[in-house]
Amino acid sequence: MALEIESADVIRLVLQYFKENNLPRTFSTLQEETGITLNTVDSIESFTSDINNGHWDTVLIAIQSLKLPDNKLIDLYEHIVLELIELRELSAARSLLRQTDPMIMLKQLQPDRYIHLETLLARSYFDPREAYPEGSSKERRRAAIAQALAGEVSVVPPARMLALLGQALKWQQHQGQLPPGTSIDVFRGKAAVKDEEEEKYPTQLSRTIKFGGKSHPECCKYSPDGQYLVTGTLDGFIEVWNFTTGKIRKDLRYQAQEQFMLMDDAVSCMNFSRDSEMLATGSQDGRIKVWKIQAGQCLRRFEKAHTAGVTCITFSRDGSQLLSASFDQTIRIHGLKSGKTLKEFRGHSSFVNEAQFTADGHTIISASSDGTVKVWSLKSTENMNTFKPALGSSASEITVNSIHLLPRNTEQFVVCNRTNTVSIMNMQGQIVKSFSSGKRQGGDFVCCTLSPRGEWIYCVGEDTCSTVSL
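Just so it is clear, the model here is predicted, and its values are computed rather than measured.

Novice: What exactly am I supposed to notice about unusual backbone geometry here?
Specialist: If a residue is not glycine, its phi is most likely negative; likewise, a peptide bond is most likely trans. Of note in this structure, Ala 159 is not a glycine but carries a positive phi near 50°. Here Ala 159 is to be found in the loop between α10 (138–150) and α11 (160–174). In this model, Glu 258 sits at a positive phi of 60°, which is unusual for a non-glycine residue. On the secondary structure map, Glu 258 appears in the loop between α12 (253–256) and β7 (261–262).

Structure (structure tokens):
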């Protein structure tokens, strides 16, 4: 069962923060605008003890931030006036009687009761028998008022909002969403990244995730904010993992109930939106689904996205469109709002293994098993340029596995083809730099990817893994 937080409780947490940090005007404004009151005291025992012992200066300060029923406020102020008259503090009694809201209200609603107080104030003596009804006394009136007001207030631990935020962060650390030692930007809800720190490549195995004997992962992806690690398997399951423990994330309600995100066929590719809130998945049967990752809800499905398996998928910068490529030799753009295919790019003579939006949003770049990299006009869908990254007589037959735009130089991209060399090319088709595995046999690269800031290229070869510094 889902936990629901009342908006009024959120307001009360903020009110408590304002009260504890001595922001009375902000406190009062928020109470007045929302109509929500805090009505808390540090201790009910101390609050009622102050009333029972007649510490009225402390009581009056305490009730300033409370929203109490009019009749109970009138009873309180009436009794304080009576005690001030008894102490012959006539000036203070007169001010309280004539200038406070509860007493002005008493004058309007019960004039006889108000006149009685004025009469007692005007006399040169104080008679308890006239002040308190038969069977009552000062002490009994204090006790009755204390009991009545105690029912209107509550006690909560101090700094409640900060405590809850701290508990939430500890839970995220427990779930592996925040590695130990990570600082957090609470407002943005993301781990703070210090740009000045040097980006380092991994040097040791952190965790192994094991799958069942009848299935294996076909693809996996980290979300841009680093909160999710998702895998897609041969049997169509899409699973979110705790990458610290290597176990399924059970803090996601749908996974705790074993209601996993699922494709009808093998999951062949996946990608996140820039805000990490949506996940798009493609399958071997040409279908695409878009999910709300936090809820596991399917937001949009494209039943005929392609006529063959989907090889790659990516969101547009604003998250309104999907770019996909396929074994059917086409590249297509799909609208999330309309649920329809909006554009198609044709020109490759074999499988399209990768397609990406360029940084300016005006062009698309693609890689294919026909040995070429093509640049397309997003507006007209025309092929603007074609490059052959591999050199030699058989270049047209060497598969280009993937391309990756460099985040630090948007005019250049990494090309990984089925050779022992990974290259950096520019948009004019020139090779800027090359990196070789140094092996003539068994050293061909299968795939590669970039580190988050683009300072390292991680390459997987037929027989080994390599890390290249840019």
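Having seen the model, we can carry on.
Novice: Looking at this structure, how should I read the pairing of strand β22 (residues 421–426)?
Specialist: Along any regular strand, the residues point their side chains to alternate faces of the sheet. In terms of burial, β22 is a largely internal element, five of the six residues being buried. Pairing of strand β21 (residues 409–417) with β22 involves five bridges; the strand directions are antiparallel. Looking at β22, one finds that Val 414 is bridged to Ile 424. Where β21 folds back onto β22 in an antiparallel hairpin, the turn is made up of three residues. The pairing of β22 with strand β23 (residues 431–436) spans five bridges and is classified as antiparallel. Its bridge partner lying in β23, Thr 421 is registered against Ser 436. Linking β22 to β23, which pair antiparallel, is a turn of four residues; within it Gly 429 sits at a positive phi near 90°.

Novice: Teacher, can you tell me more about the sheet that holds β23 here?
Specialist: Pairing between the strands of a sheet is mediated by backbone hydrogen bonds and can be parallel or antiparallel. Across the sheet, four strands lie side by side as β20-β21-β22-β23; this open sheet has antiparallel pairing. Two strands in the sheet have a free side with no partner beyond their single neighbour: β20 (400–406) and β23. This sheet shows a mean twist of 20° between the axes of neighbouring strands, independent of strand direction. Pairing of β20 with β21 involves six bridges; the strand directions are antiparallel. Bridge pairing in β21 places Val 400 opposite Asn 417.

Novice: Please explain α10 as it appears in this structure.
Specialist: Residues spaced three or four apart along an α-helix face the same direction, because each turn holds 3.6 residues. For α10, which comprises 13 residues, the first-to-last C-alpha distance of 18 Å matches the rise-based estimate of 18 Å (1.5 Å per residue) to within 8%. By the burial criterion, the buried members of α10 are Arg 142, Ile 145, Ala 146, Leu 149 and Ala 150. One side of α10 carries all its buried residues, which in axial view fall inside an arc of 130°. Exposed residues pointing more than 90 degrees away from the buried face of α10 are listed as Arg 140 and Gln 147. Each element contacted by the buried residues of α10 is listed here: α3 (44–52), α4 (56–63) and α5 (70–86).

Novice: Even after reading the chapter, I still don't get the packing of aromatic side chains, so can you show me in this structure?
Specialist: The geometry of an aromatic ring pair is captured by two quantities: the separation of the ring centres and the angle between the planes. In the structure shown here, the tally under the stated rule is eight aromatic pairs. On the basis of an interplanar angle of 70° and a centroid distance of 5.4 Å, the ring pair of Phe 211 and Trp 241 is categorised as edge-to-face. Within this pair, whereas Phe 211 is found in the loop between β2 (190–191) and β3 (217–222), its partner Trp 241 is found in strand β5 (residues 237–242), the two being separated by 30 residues in sequence. Its relative accessible area of 26% is what places Phe 211 among the partly exposed residues. Residue classification places Trp 241 among the buried positions, given a relative accessible area of 6%. Between the aromatic rings of Tyr 228 and Phe 272, the centroid separation amounts to 6.3 Å while the plane-to-plane angle is 15°, which identifies the pairing as stacked. Linking Tyr 228 in the loop between β3 and β4 (229–233) with Phe 272 in strand β8 (residues 267–272), this pair joins segments that are 44 residues apart in sequence. On the basis of relative accessible area, Phe 272 is assigned to the buried category, the value being 6%.

Novice: I tried to follow the packing of helix α6 (residues 90–99) against helix α8 (residues 111–122) on my own but got confused; where do I start?
Specialist: The angle between the axes and the distance between the axes are what describe a pair of packed helices. At a minimum axis separation of 11 Å, α6 and α8 run at an interaxial angle of 165°. Classified by the angle their axes make, α6 and α8 are roughly antiparallel. When you trace α6 past α8, the crossing you get is left-handed. Two secondary-structure elements touch here, α6 through Leu 90, Ala 93, Arg 94, Leu 97 and Arg 98 and α8 through Tyr 114, Leu 117, Glu 118 and Leu 121. Here the contact of α6 with α8 is composed, by residue class, of six nonpolar, no polar and three charged.

Rules of the game
Residues numbered from 1 in each chain as written. Predicted model: local features only at pLDDT ≥ 70, side-chain atom pairs only at ≥ 80, totals over all residues. Heavy atoms only, no water. Helix = DSSP H or I, 4+ residues; strand = E, 2+ residues; numbered from the N terminus. Buried < 20%, exposed > 50% of the residue type's maximum accessible area, 1.4 Å probe, protein only. Pairing = 2+ DSSP bridges. Axes fitted to C-alpha atoms, helices over the stretch in contact; angles between N-to-C directions. Expected span 1.5 Å × (residues − 1). Arc of directions from axis to C-beta. Contact = heavy atoms within 4.5 Å. Phe/Tyr/Trp six-rings, centres within 6.5 Å; stacked < 30°, edge-to-face > 60°. Parallel < 35°, antiparallel > 145°, perpendicular 65-115°, else oblique. Left-handed = near helix turned anticlockwise from the far one by under 90°. Nonpolar A, V, L, I, M, F, W, Y, C, P; charged D, E, K, R; others polar.

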